Structure formats: C-alpha cells, structure tokens
Amino acid sequence: MTTRMFGAPVKRREDPRLVTGQGRYLDDLGHDALEAAFVRSPHAHARIVDVDASEAVDIEGVVGIYTWEDLPERMADPLPLLIPHPTLTHGRTGYALAKDEVNHVGEAVVMVVARDRYIAEDAAQRIVVTYDRLPVVVGLEQARAATELVHEDVPGNVAAHMVQEVGDVERALASSVNRLTLDLEVERSASMPMEGKGVYARWDDERGELRLWSSTQTSTGVRAAVAARLGLPLAKVECIAPDVGGGFGVKIMHPWPEEVLVSWTARMLGHPVKWTEDRREHFISSAHERGQLQHVEVGFDERGVVTALDVKFWHDNGAYTPYGIIVPIITSTQLLGPYKPGAYRCEFWSLYTNTVIVTPYRGAGRPQGCFLMERTMDAIADHLGLDRAEVRSRNFILPDEMPYDHGLLFQDGRPLKYDSGDFPASLDKLKALVGWDDFADYRAKAEAEGRRVGLGIGCYVEGTGVGPYEGGHVQVETSGRVNVSTGLTSQGQGHETAFAQVVAQELGVRVEDVHVTTGDTRKMPYAVGTFASRAAVMSGNAVALAARAVRAKALRIAAEALEVSVDDLDIVDGEVSVKGAPGQSISLGTISVLSNPLRYAFDEAARAATQFAGTFDPDKPPVADDDEPGLEGKDFYSPTQATFANGMHAAIVETDPVTAEIKILRYCVIHDCGPMINPMIVEGQVHGGVAQGVGGALYERMVYDEGGQLLNASFMDFLLPYASEVPHVETDHLETPSPLNPLGIKGAGEAGCIPVTAVIASAISDAEGFPITSMPISPAELWDLRRRHSAG
Ligand code: MCN
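First things first, this report covers the structure right here in the doc.

The rules behind these values
Residues numbered from 1 in each chain as written. Predicted model: local features only at pLDDT ≥ 70, side-chain atom pairs only at ≥ 80, totals over all residues. Heavy atoms only, no water. Near = heavy atom within 4 Å. Polar contact = N/O pair within 3.5 Å; in protein donor to acceptor, adjacent residues only side chain to side chain. Areas by Shrake-Rupley, 256 points an atom, 1.4 Å probe, with all protein chains shown as cover. Helix = DSSP H or I, 4+ residues; strand = E, 2+ residues; numbered from the N terminus. Nonpolar A, V, L, I, M, F, W, Y, C, P; charged D, E, K, R; others polar. Expected span 1.5 Å × (residues − 1). Buried < 20%, exposed > 50% of the residue type's maximum accessible area, 1.4 Å probe, protein only. Patch = residues over 30% accessible without salt bridge, like charges linked within 9 Å, V, L, I, M, F, W, Y side chains within 5 Å. Salt bridge = Lys/Arg side-chain N within 4 Å of Asp/Glu carboxyl O. Lys, Arg positive; Asp, Glu negative; His and termini not counted. Charge placed at Lys NZ, Arg CZ, Asp CG, Glu CD. Pairing = 2+ DSSP bridges.

**A short note on the site of the ligand**
Here's step 1: For the ligand, the set of nearby residues contains 32 residues, the closest of which are Gly247, Gln493, His495, Gln685 and Ala748.
Here's step 2: Here Cys673 contributes a backbone N or O atom positioned 3.1 Å from a nitrogen atom of the ligand.
Here's step 3: Residue Gln685 places a side-chain N or O atom 2.7 Å away from a nitrogen atom belonging to the ligand.
Here's step 4: Surface burial for the ligand is 96%, taken as the share of its 830 Å² of free accessible area covered by protein chains.
Here's step 5: If you tally residues by element for the shell around the ligand, the top one is helix α18 (residues 679–699), at three residues.
Here's step 6: Classifying every residue of the shell around the ligand gives 14 nonpolar, 14 polar and four charged.

In structure tokens:
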C-alpha cells in the first residue's frame with residue numbers, strides 16, 4: 001500500500017533550493033549581457049519637447065541610446081490593450097518609449113544600453129529631456145471633477161462606465177423597511193515582490209532565433225507579444241521564466257515595454273541585453289491597484305435580510321488601461337460574497353489619473369468589494385442591534401441552493417454561478433475557532449484591565465480557476481523518472497511539489513520520482529499563465545488527465561506483457577503488479593522501454609532492466625500499431641466556468657486608548673478551496689495572503705502629492721509589515737468539492753488577503769464604537785477619528 005499523495009502535507013521540494021540561495025532568478029543569468037537603463041519621466045503629465053543625449057553618447061561603454069523615434073514600425077505602435085471590454089469605450093495604452101507625451105512619473109522616455117548597468121545609469125543621468133508641463137490629475141476626487149483631463153480626447157476622464165442590475169433596485173429600495181448609505185474608500189497600493197521585473201534576451205543570428213528569459217507570470221504571453229512586436233514567427237521565439245521571486249499580479253502584464261525593448265536591442269545589436277528593475281522603478285513604473293471610492297445604499301428588513309443593494313464606485317485606473325478594466329469588473333461581480341442581495345445594481349466608472357497603471361494585485365478588486373459588503377453587513381447589524389455573525393448568516397446562500405446563479409455576468413462574460421460551498425458550516429467553524437460566543441466575557445475582562453478590544457469578521461467568495469485552458473505533459477523515462485511539464489509559471493506557490501503530488505497519485509509513483517517543469521515555452525508552448533488562483537485547478541487537472549492517459553497506456557502494455565487483464569493490475573511506487581501476486585510485476589521504467597524499443601537498442605540500463613523483468617520479446621513489440629512510442633501523455637483542461645472558493649476570517653484587535661496603536665491579538669481563518677492537494681502549501685498561501693492583507697489594512701498606501709509625485713517610493717517610506725506585525729494565523733478548513741473539475745479542487749492563492757481589510761476595519765470599529773470607512777488606517781488616523789467622534 002503506498003501513501004496517498006493527494007492531500008499529504010509534503011514539504012515543498014523547491015524550498016531547499018530557494019532558501020539556500022540556489023534559486024536562479026533573472027539577475028543570476030546573463031553575466032555576458034549588455035545592460036539597459038531608462039530615462040523616466042520626472043513629471044506626471046507633460047509634453048516631450050526635446051531629448052538631448054549629446055552628453056551621454058560618447059561615454060565609454062555606451063552602446064546605444066534610443067527614443068520613440070528610433071523604434072521600427074511595429075515597435076512604435078501603442079502597446080496592446082490585452083483585455084478589451086465593450087464598456088471600455090476609451091481604452092488607452094502607452095508606447096514602449098513615450099512618443100510625445102508622458103502621463104505619469106516613471107514612464108520610460110529613453111533607453112540606454114551599455115556595457116554595464118553603472119555606465120547605463122550614468123549615461124541616462126546625462127540625457128536632458130525638455131518637457132512642457134501639463135495639468136495633472138491625481139486622486140479620484142480630481143478625476144471625477146474632470147476640470148483637467150489626463151487624455152484630452154477622453155471626456156470626464158472616464159475610460160469605462162458599466163452597470164449591471166438584477167431585479168428592480170429602485171423599487172426594492174423604496175419598499176425597504178430600513179435604508180442605510182455608506183461612503184467607503186480603499187487607497188492605492190501595490191504588490192511588492194522580493195524580485196522586481198526583469199528580462200534578458202539573446203539573439204542567435206545563425207538560426208534567426210530569439211531566446212528570452214523574463215521574470216513573468218505569463219511566459220507564453222510574453223513570447224507571443226515579443227514575436228508580434230519584432231515581426232518574428234512564433235517558432236523563432238522562446239521564453240523561459242526562471243525562478244521568479246514573487247509576482248502577486250504585477251507580472252501578468254505582457255508585454256511590459258522593457259520586454260520588447262530588451263528583445264529588440266538584443267536582436268539589433270547581436271549581443272545579449274538585460275534589464276533588471278530596481279525598487280524605485282517598481283514603485284513608479286510597474287503597476288498599482290486597490291484605489292476605489294465606493295458608495296452603497298442598502299435596504300433591509302427587521303431581521304437584517306438585505307432586500308436591495310445599490311452600489312456605485314469609482315476606480316482609479318491610472319494613466320493607461322493596457323490590462324483593461326478587469327479589476328473593477330471583479331469588484332462589481334464578486335462583492336456579493338456569500339450573500340443573496342435581493343435586488344442588486346452596481347454601477348462603476350473607471351477613471352484616468354496621472355499615476356501608474358493598474359494590473360490585478362492579489363485579490364484583484366475583491367478586497368475593495370469585500371470591504372464594501374462587510375462594512376455594510378456590520379452597519380445593518382449595528383443599526384438593528386443584532387449580532388454581526390447572525391446578520392450575515394441570515395443573508396447566506398444555502399448549500400441546497402447551489403449551484404447559485406446571481407443573474408450577473410462574471411468577468412469572463414459567462415453567468416456568475418457559484419458551484420459549491422457551505423457558508424453556514426464555515427461560519428459555525430469560524431465562531432468556534434475564534435470563540436465568538438465568549439467574546440463578550442473576554443471584552444469585559446479586558447475593559448476591567450483598561451484595555452480596549454474588538455472582534456471583527458469578514459466573509460468572501462472568490463472565482464478561481466478561470467479558463468480558457470492549461471496543458472500538462474507527463475513522460476516516464478526508462479529509469480522510472482517521471483517528467484512533468486505545464487506551461488504556466490511559478491512565482492513561489494509550490495507548483496513543483498503540488499503537481500508532482502497529483503501525478504504521483506494518479507500514476508502510482510513516488511513523489512520524489514516526479515520532476516516538474518513550469519513556464520518554459522520550449523516544453524509546453526500552449527499555456528495561459530499563473531493568476532486568478534488558477535494553477536491548481538487548471539494545471540492540476542491537466543497534469544492529472546495526462547497522468548491518467550499514461551497510466552492507461554502503462555496498464556495496457558503491462559497487461560499484455562504479464563498476460564493478465566488490466567483490471568487485475570495496480571500501480572504502486574512505479575511498479576505495475578498483479579493484485580494479490582506482488583511477485584508478478586513490471587516497472588513503469590521497463591514499460592517505457594517496451595513502448596520505445598529504440599531505447600532498448602542503445603540504453604544499457606534499459607536493456608538490463610528489461611532482461612531482468614524477462615518480458616521483452618523483440619518479435620512481439622507490445623506497442624500496438626496505432627500507438628505512439630514512449631510512455632507519455634499530454635492533455636489539456638478547459639473549464640466551462642470558474643469554480644468558487646470561499647472563506648471567513650475573524651480577528652481580535654486591541655487599540656491603545658492613549659496612542660491609538662492597533663495590535664492584532666488573534667487572526668482566525670476558515671478556508672474552503674475544496675480538496676487540498678497539499679494542506680501545508682495551502683496554509684502557507686493563506687498565511688502569506690493574510691500578511692499581505694495586514695499590510696493593506698494598516699500600513700501600505702501610495703502617497704501622491706498634487707503634482708503626481710509618489711512621495712513614498714521606497715521601503716523607507718512605504719511600510720511593509722515585518723514578521724512582528726503579522727499575527728499568528730489560526731486556520732481550519734472545509735473541503736467542499738467542486739463538481740466542475742475531475743479533482744474537485746478550487747483555488748487558494750489569493751484567499752488569505754481578500755477579507756483582511758474588512759476584518760480589521762470591523763474589529764477596530766467594534767473596539768472603538770464608530771464606523772471605519774477608509775482603509776488603510778494608521779494610529780494617527782484612528783486618533784484623529786476618535787477626536788472627531790468624541791467632538792460629535
Ligand atoms: N493548492 C492546493 N490545493 C488546492 C488549491 C491550491 O494544494 N485545492 C496549492 C496549489 O497547488 C498551489 C498553491 O496552492 O501550489 C496556490 O494555488 P492556486 O490557488 O491555484 O494559485 P496559483 O498557483 O494560480 O497562484 C496564483 C496566486 C495569485 S493569483 C497570486 S496574486 C499569488 C498567489 O498565488 N501570488 C503569489 N500566491 C503567491 N505566492 C507566492 N509565493 N508568490 C506569489 O507571487
């Protein structure tokens with residue numbers, strides 16, 4: 001009997017490599033490469049009048065200096081708009097190098113390629129760009145007022161305006177017994193992976209081929225985009241994602257300007273070129289998210305059951321919309337969480353500002369939506385004097401209502417339909433874990449000691465595992481080693497381990513015999529990428545299907561070799577044996593030889609193995625006429641719709657009565673991503689997500705001045721929580737399987753961070769006795785709120 005691998009807390013096999021400095025990240029590659037640096041706009045909005053590089057061209061070691069004027073035809077076009085949408089009526093993208101206008105501080109204007117980065121940076125500093133400054137739009141208030149425009153041909157700064165309505169909200173509101181309105185804000189923030197972006201490209205002149213490595217979440221996307229920009233056939237471009245030190249959404253975008261520019265110069269110069277983003281560049285020229293102003297009007301009955309929900313919000317999409325309006329669409333469809341809202345209308349405006357662009361950042365619009373919905377639930381409970389958990393449970397979609405169709409369209413244009421989940425069971429578990437019913441006693445004791453504590457709660461549902469597809473390839477070598485490849489990339493999620501577990505389970509081999517490759521277009525050219533908590537569902541199922549095909553073939557060949565029926569066979573630890581007769585067996589390695597007789601001729605070890613098994617008969621090849629050689633299989637998984645994971649969090653916080661310092665005393669999570677491939681990895685994902693959420697709730701925000709300068713563009717000023725600020729996270733799981741995919745799994749990668757802002761706000765509000773409507777919140781802001789509330 002072998003150990004069950006699916007569901008086992010196997011230690012991450014990539015960790016010894018990654019934590020002992022053996023990882024190979026982008027900047028570990030290409031020591032022979034020329035290096036690039038960029039002159040970036042110091043202004044948030046300006047016309048480019050002149051570029052004078054005369055002081056830089058003659059610096060020894062400078063190889064090339066390029067502006068938009070130097071770009072060939074396709075490279076000079078605006079960058080692609082990756083996700084168009086019918087409501088995105090005024091989508092705008094920038095250029096690889098700014099053409100004649102810059103729209104945010106940090107936009108690349110000039111590229112310098114030099115012998116090394118020092119020389120490139122020195123040269124960049126000597127290039128004088130003359131700008132004619134234009135009025136700047138910063139923040140949503142100013143964007144909404146539209147007295148100044150980011151793009152002169154975009155009226156009202158409105159990139160997109162979208163409305164979805166189910167039922168008659170106006171009528172439902174008018175007939176509601178109770179009505180409340182709330183104005184809520186979540187500020188701009190950004191993902192801060194340990195490793196920034198980076199790209200390294202080599203051109204092979206003889207073969208006319210480009211090979212590039214990018215610190216990306218989407219190597220196939222980068223490959224396709226670069227091939228198109230350079231006018232190369234896809235077959236002549238390869239893209240490899242080496243070890244990637246975190247992405248959290250920012251590395252989904254493709255192409256980043258630097259990816260095409262580095263590839264282009266590598267080809268043109270006939271010499272490898274590399275660029276590695278520095279932290280300041282990451283702040284001012286990658287991507288942000290979260291910034292939203294939100295208004296909600298809710299109608300509800302005396303029991304706290306919501307009868308109407310009318311939401312309006314304004315999303316800060318920055319200077320361009322290369323990634324479309326996916327973030328506000330996600331907010332608008334997923335803010336409903338586990339609840340039935342009665343009639344629902346959501347209207348949003350996605351607005352241009354002279355700030356960095358937006359790409360989805362872990363949670364992708366859901367933290368803002370969850371903040372809105374959960375603050376609303378708390379407001380209803382407070383208004384009626386009801387228990388906050390009880391109000392939530394009265395609005396839950398119940399298990400027997402699954403699948404539940406909201407009557408809305410999801411971000412992929414398909415109906416928003418929950419497939420699974422047991423929200424009442426999750427809530428019961430959460431209440432037990434945090435000691436919900438004992439909190440009143442706990443609070444009384446704390447108050448007697450002069451301490452101020454509060455209990456907060458937040459629930460969410462997350463569409464995960466979105467399509468269109470992902471592929472898996474599984475191949476057994478004659479040695480019994482199993483090679484697995486899938487095209488999506490890894491940024492630290494533990495895919496090498498989790499996918500090995502899936503294949504080990506499906507194939508009946510030891511997990512240590514399975515070796516997984518991700519994100520290499522040479523091995524798996526068809527792939528989409530790692531985002532939207534989709535890898536486990538998409539590639540997990542794809543490699544499972546491929547492994548099943550390999551298993552079927554192995555059983556068929558073994559049955560023939562051992563002269564038994566397939567039903568009499570089992571595979572354990574890579575050995576196919578007759579049930580009840582373990583002596584009668586044949587290894588997968590041997591079957592691999594049988595299915596690829598050429599190997600037999602050349603491979604000593606294979607011959608020995610086969611002779612030992614005594615099963616090879618050259619006159620009777622076990623590979624059927626219509627069989628492909630080799631013990632390998634490939635399959636794709638393509639879902640009909642997203643699968644919906646869910647969770648509920650609760651926290652106990654203490655706020656200092658004098659200094660307003662905010663301390664998280666306990667943080668509890670109930671999480672449901674269906675059956676877990678590896679519970680240890682899932683817990684790690686949840687812990688990491690909570691840590692990121694704590695940053696978003698209490699510390700991390702982008703502070704722009706009115707001129708569009710980002711004032712805290714360094715880790716000196718942008719506060720990431722240290723380990724000392726992240727609480728111990730107590731987790732428990734519910735495993736409600738999804739009926740939608742063969743493994744029954746749902747995604748987990750973003751779960752931890754989605755409700756944290758809402759939960760911490762709920763807890764602070766409970767401690768203080770007044771609503772918290774804007775996040776993040778610092779002690780100074782809490783102190784200020786206290787003053788205002790005590791002043792009435
Ligand atoms: N898993 C599992 N069982 C399940 C579901 C997931 O064991 N039922 C495991 C998976 O096998 C995988 C991990 O949990 O090892 C996360 O799986 P999944 O939810 O499919 O998420 P992805 O792998 O697609 O990762 C993307 C997700 C997103 S969208 C962001 S943002 C994010 C995140 O993952 N960025 C990360 N987690 C991150 N973790 C690290 N270290 N670095 C990032 O950049």
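**Focus on helix α9 (residues 366–384)**
Here's step 1: For α9, which comprises 19 residues, the first-to-last C-alpha distance of 27 Å matches the rise-based estimate of 27 Å (1.5 Å per residue) to within 8%.
Here's step 2: With 17 of 19 residues buried, α9 lies mostly within the body of the structure.
Here's step 3: Following α9 by one or two positions, Gly385 adopts a phi angle in the positive range, close to 70 degrees.

**Here we look at a negative patch on the surface**
Here's step 1: A cluster of like negative charges, contributed by Asp50, Asp52, Glu55 and Asp58, occupies part of the molecular surface.
Here's step 2: With respect to the helices, strands and loops of the structure, Glu55 is situated in the loop between β2 (46–52) and β3 (62–66).

**Quick notes on the sheet that holds strand β4 (residues 101–102)**
Here's step 1: Here three strands make up an open sheet; going across it, the order is β4-β2-β6 and the pairing antiparallel. Taken across any chain shown, the strands that pair with only one partner, and hence form the sheet edges, are β4 and β6 (128–133).

**Considering the pattern of salt bridges**
Here's step 1: According to the stated counting rule, one finds 51 salt bridges in the structure shown.
Here's step 2: Arg202 is the partner of Asp32 in a salt bridge, and the nearest nitrogen-oxygen pair spans 3.1 Å. With a gap of 170 residues between them, Asp32 in the loop between α1 (15–19) and β1 (34–40) and Arg202 in strand β9 (residues 198–204) connect regions that are remote in the sequence.
Here's step 3: Glu281 is the partner of Arg117 in a salt bridge, and the nearest nitrogen-oxygen pair spans 3.3 Å. Here Glu281 lies in helix α7 (residues 279–285) and Arg117 lies in helix α2 (residues 117–126), a separation of 164 residues in the sequence.
Here's step 4: Residue classification places Arg117 among the buried positions, given a relative accessible area of 16%.
Here's step 5: Assessed through its relative accessible area of 6%, Glu281 is described here as buried.
Here's step 6: Here the residues in one salt-bridge network are Arg40, Arg117, Glu121, Lys197, Glu258, Glu277, Asp278 and Glu281, joined through shared partners.

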